[in-house]
Amino acid sequence: MPVELAGGELADTLRRIERSAGALATASVSRMDETLPWFRELPADQRAWVMLVAQTGVRSLVEWLRQGGAALGSPTEVSDEVFAAAPLALARSISLQQTVALIKVMIDVVEEQVPHLAASGEERLLREAVLKFSREIAFAAARVYARAAESRTAWDARLQALLVDALLRGDSADVLASRAAALGWGDAQPVAVAVGRSPGGEVAAVLHTIYRAARRIGVEIIGGVHGDRLVVVLGGAADPMAAATKMLAGFGGGPVVVGPAVPRLEEATDSARAALAGFRAAPAWPAAPRPVAAVELLPERALAGDGEARRTLRQDVYAPLVRAGGELMETLDAFFAAGGVLESAARALFVHPNTVRYRLRRVGDVTGFSPLSARDTFTLRVALTIGRLDPAPPVVSPAG
C-alpha cells in the first residue's frame, strides 16, 4: 500500500529513502571512519553500535516524514528510541559532543544524496526536511544524554552513600576499595574525613554545594548525608584543615571536625572514626575553632567515652612523661596544684622558678602540649587522670 504524507508531499521520495536506508547507513559510517579520528579508535563493538544507531536514524527519518514532521510548524519530535539500538554504556563511552559530530556526518551524507533520493520536483522539500530532522535528532540526543546523566548521578550518589556507610561502619579495606573503584575514585592522597551538620534540604542540593566548593579548590571528595550529619571524604588535599575551611559554606551550623590524614582511602576508617567521635564531643568545647582537628578534641572525646582518645592520651602523653623521669610529673602536679602560678610551684618543690620553667618547657617537648597554655593544660590534666586510672600493662619479659 503506497505511503501518503499530508497533502501527498514527499510520498515518492519517502519510498526511495526506505529502499536506500541500508546504503545510507553504511555510507555514513564509512564517512565517520574517514573524517573522525577518535571514531577509528573505538572498539569494534562500539563501532557496531554506532552502525545500528545510523540504520535506526535513517528509519527514524522515514517514520518522521511519514508522520508529517517535514510540515511547517509541525510539533512532531524525533523519538528518543533512535538511540535505543545501542546500550546505555555507549553514552558513557561517547560524549554528547561526539554524538553530535556523528549526527552531522550522517546528515551530510543524506544531504549529498538528496539528488538521488528525491523524486522529481521534491529536492527542495527533502533538503528542508533533512535540515529540520537534523535539529530534532540533535534534541533527541540531548534528551538521551540528560537522562543518562541523571541516572548516573543518582547511581553515583547511591554508591557514595554506600561508601560513606562502609567508612562509618569500619568495613574492610577490600570493601572500601571495590566501592571506591566503582565510583572512579582516583589515587588522591592524602585522605581525611570531615564531619559536620548538614544544612538541611534535599540531599542532592547539599552534595551539589559541597562538590562545587571542592572543584573550586581542586580536591576530590565523596560525600554523604547521614541523618543530620554531612560526612565528606577529602582526597588530594595537602592540608585537609585548610581545604575544610574553604568548604565550610557547604555545612550547616555548629562544629565541623576533621579527622587525621591517612595515606589511602582504604585506611580512612580511622579518620572517619576520629572525626565522628570529635563531632559528638565538640559541644563540650564551645570555643573550638571551626573547623577543628579531631586530635584537638582528645580530652573531650576521652571524657565522652571514646576509647581511642583514651588510648592516645595514655600512650602519647602520659607514657612519655613517665619515661622522662619523675621530676617532670612532680613538677606538673605542683604547677597544677599551685593554680598555674610558677613561683608558688617553685616554693612547693624547693627549687628555683627557672627550674620549674625549664621543666615545663620539657613537658611541652615530651608531650607536644605546653602547661603554659590553658587549652593544653586541660589536655595534660585529662591525660594524667586517664594514665593513673588506667595505666598501661607492664611489659612482661619472654620466658626462658
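Structure: see above.
Residues numbered from 1 in each chain as written. Predicted model: local features only at pLDDT ≥ 70, side-chain atom pairs only at ≥ 80, totals over all residues. Heavy atoms only, no water.

Details of the overall build of the protein chain
Argument step 1. Counting secondary structure elements, the protein chain contains 18 helices and five strands.
Argument step 2. Of all 400 residues assigned to the protein chain, the portion counted as buried reaches 45%.
Argument step 3. The long-range fraction of contacts in the protein chain, counting pairs at least 24 apart against all pairs at least 6 apart in sequence, stands at 67%.
Argument step 4. For the protein chain, the exposed area adds up to about 20,000 Å²; of that, 55% sits on carbon and sulfur atoms. (Helix = DSSP H or I, 4+ residues; strand = E, 2+ residues; numbered from the N terminus. Buried < 20%, exposed > 50% of the residue type's maximum accessible area, 1.4 Å probe, protein only. Contact = heavy atoms within 4.5 Å. Areas by Shrake-Rupley, 256 points an atom, 1.4 Å probe, with all protein chains shown as cover.)

As for the pairing of strand 3 (residues 229-235)
Argument step 1. Along strand 3, six of the seven residues are buried, which leaves the element largely enclosed by surrounding structure.
Argument step 2. Pairing geometry for strand 2 (residues 220-226) and strand 3, over seven bridges, is antiparallel. Among the inter-strand pairings, glutamate 220 is bridged to a residue of strand 3, identified as glycine 235.
Argument step 3. Counting the residues in the hairpin turn of strand 2 and strand 3 gives two residues, including glycine 227, whose phi is positive at 65 degrees. (Pairing = 2+ DSSP bridges.)

So, the side chain of threonine 13
Argument step 1. Looking at where threonine 13 falls in the secondary structure, it is placed in helix 1 (residues 11-19).
Argument step 2. For threonine 13, a relative accessible area of 1% puts it in the buried group.
Argument step 3. There is a polar contact of 2.9 Å between the side chain of threonine 13 and the backbone nitrogen of alanine 119.
Argument step 4. Excluding residues within four positions of it along the chain, threonine 13 makes contact with Leu117, Ala118, Ala119, Glu122 and Leu126. (Polar contact = N/O pair within 3.5 Å; in protein donor to acceptor, adjacent residues only side chain to side chain.)

A look at the sheet that holds strand 4 (residues 257-258)
Within a sheet, adjacent strands bond to each other through the backbone by hydrogen bonds, running parallel or antiparallel.
Argument step 1. Read across the open sheet, the five strands follow the order 2-3-1-4-5; overall the sheet is mixed. Bordering the open sheet on either side are strand 2 and strand 5 (292-293), each of which pairs with just one other strand.
Argument step 2. Sheet topology places strand 1 (residues 191-197) next to strand 3; seven bridges connect them, and they run antiparallel. By the bridge assignment for strand 3, alanine 194 is matched with valine 232.
Argument step 3. Those strands touched by helix 12 (residues 268-281) are strand 1, strand 3 and strand 4, and its axis lies near 25 degrees from that of strand 1. (Axes fitted to C-alpha atoms, helices over the stretch in contact; angles between N-to-C directions.)

Focus: the packing of helix 14 (residues 307-324) against helix 18 (residues 374-389)
Argument step 1. Here helix 14 crosses helix 18 at 95 degrees, and the two axes come no closer than 8 Å. In this view, helix 14 runs roughly perpendicular relative to helix 18, as classed from their interaxial angle. Facing Arg310, Leu313, Arg314, Val317, Tyr318 and Leu321 of helix 14, the residues of helix 18 in contact are Thr379, Leu380, Val382, Ala383, Leu384, Ile386, Gly387 and Arg388. (Parallel < 35°, antiparallel > 145°, perpendicular 65-115°, else oblique.)

Considerations on the nonpolar core
Looking at soluble globular proteins, one finds that nonpolar side chains tend to be buried together.
Argument step 1. Counting residues in each nonpolar core, the largest one holds 35 residues, and the members touching the most others are Ile17, Met32, Phe39, Leu65, Leu102 and Leu126.
Argument step 2. Secondary structure elements with two or more residues in this core: helix 1, helix 2 (21-35), helix 4 (44-66), helix 6 (96-112), helix 7 (114-117) and helix 8 (123-169).
Argument step 3. Judged by nonpolar contacts, the second largest core, of 26 residues, contains Tyr318, Leu332, Phe335 and Val356. (Core = buried A, V, L, I, M, F, W, Y, C linked by side-chain atoms within 4.5 Å.)

Section: the pattern of salt bridges
Argument step 1. Under the defined criterion, the tally for this structure stands at 12 salt bridges.
Argument step 2. The closest approach of N and O atoms between glutamate 327 and arginine 359, which form a salt bridge, is 3.7 Å. Taken together, the positions of glutamate 327 in helix 15 (residues 326-337) and arginine 359 in helix 17 (residues 353-367) put the pair 32 residues apart, joining distant regions of the chain.
Argument step 3. Across the pair arginine 388 and aspartate 333 runs a salt bridge, and its minimum N-O distance is 2.7 Å. In this pair, arginine 388 is assigned in helix 18 and aspartate 333 in helix 15, connecting sequence segments 55 residues apart.
Argument step 4. The class for arginine 388 is partly exposed, based on a relative accessible area of 43%. (Salt bridge = Lys/Arg side-chain N within 4 Å of Asp/Glu carboxyl O.)

Notes on unusual backbone geometry
Argument step 1. Cis geometry marks the peptide bond from arginine 290 to proline 291, where omega comes out at 0 degrees.
Argument step 2. You can see proline 291 is positioned in the loop between helix 12 and strand 5.
Argument step 3. Of note, the phi angle at phenylalanine 350 is positive, near 60 degrees, even though the residue is not glycine.
Argument step 4. The residue phenylalanine 350 is located in the loop between helix 16 (342-349) and helix 17 in this model.
Argument step 5. Residue phenylalanine 350 is classed as exposed on the basis of its relative accessible area of 77%.

Observations concerning the packing of aromatic side chains
Argument step 1. With the rule as written, the count across this model stands at two aromatic pairs.
Argument step 2. On the basis of an interplanar angle of 85 degrees and a centroid distance of 6.3 Å, the ring pair of tryptophan 38 and phenylalanine 39 is categorised as edge-to-face.
Argument step 3. A relative accessible area of 22% means that tryptophan 38 is categorised as partly exposed.
Argument step 4. Accessibility expressed as a relative area gives 0% for phenylalanine 39, which makes it buried.
Argument step 5. Considering the side-chain rings of phenylalanine 335 and phenylalanine 336, the 6.4 Å spacing of their centres and the 50 degrees angle between planes classify their relative orientation as tilted.
Argument step 6. You can call phenylalanine 336 buried: its relative accessible area is 10%.
Argument step 7. The side chain of arginine 375 reaches across the aromatic face of tryptophan 285, ending 3.5 Å from its centre. (Phe/Tyr/Trp six-rings, centres within 6.5 Å; stacked < 30°, edge-to-face > 60°. Lys NZ or Arg CZ within 6 Å of the ring centre and 35° of its normal.)

Focus on helix 12
The periodicity of an α-helix, 3.6 residues per turn, causes residues three or four places apart in sequence to face the same way.
Argument step 1. A rise of 1.5 Å per residue sets the reference length of helix 12, with its 14 residues, at 20 Å; its end C-alpha atoms lie 20 Å apart and thus fit the reference within 8%.
Argument step 2. When you tally the buried positions in helix 12, you get 11 out of 14 residues, the bulk of the element.
Argument step 3. For helix 12, the set of buried residues is Ala268, Thr269, Ser271, Ala272, Ala274, Ala275, Leu276, Ala277, Gly278, Phe279 and Ala281. (Expected span 1.5 Å × (residues − 1).)

Structural notes on the side chain of arginine 301
Argument step 1. Here arginine 301 lies in helix 13 (residues 298-303).
Argument step 2. Within polar-contact distance, the side chain of arginine 301 engages the backbone oxygen of alanine 294 at 3.0 Å.
Argument step 3. Apart from residues lying up to four places away in sequence, arginine 301 is in contact with Ala274, Ala277, Gly278, Ala281, Ala294, Val295, Asp306, Glu308 and Ala309.

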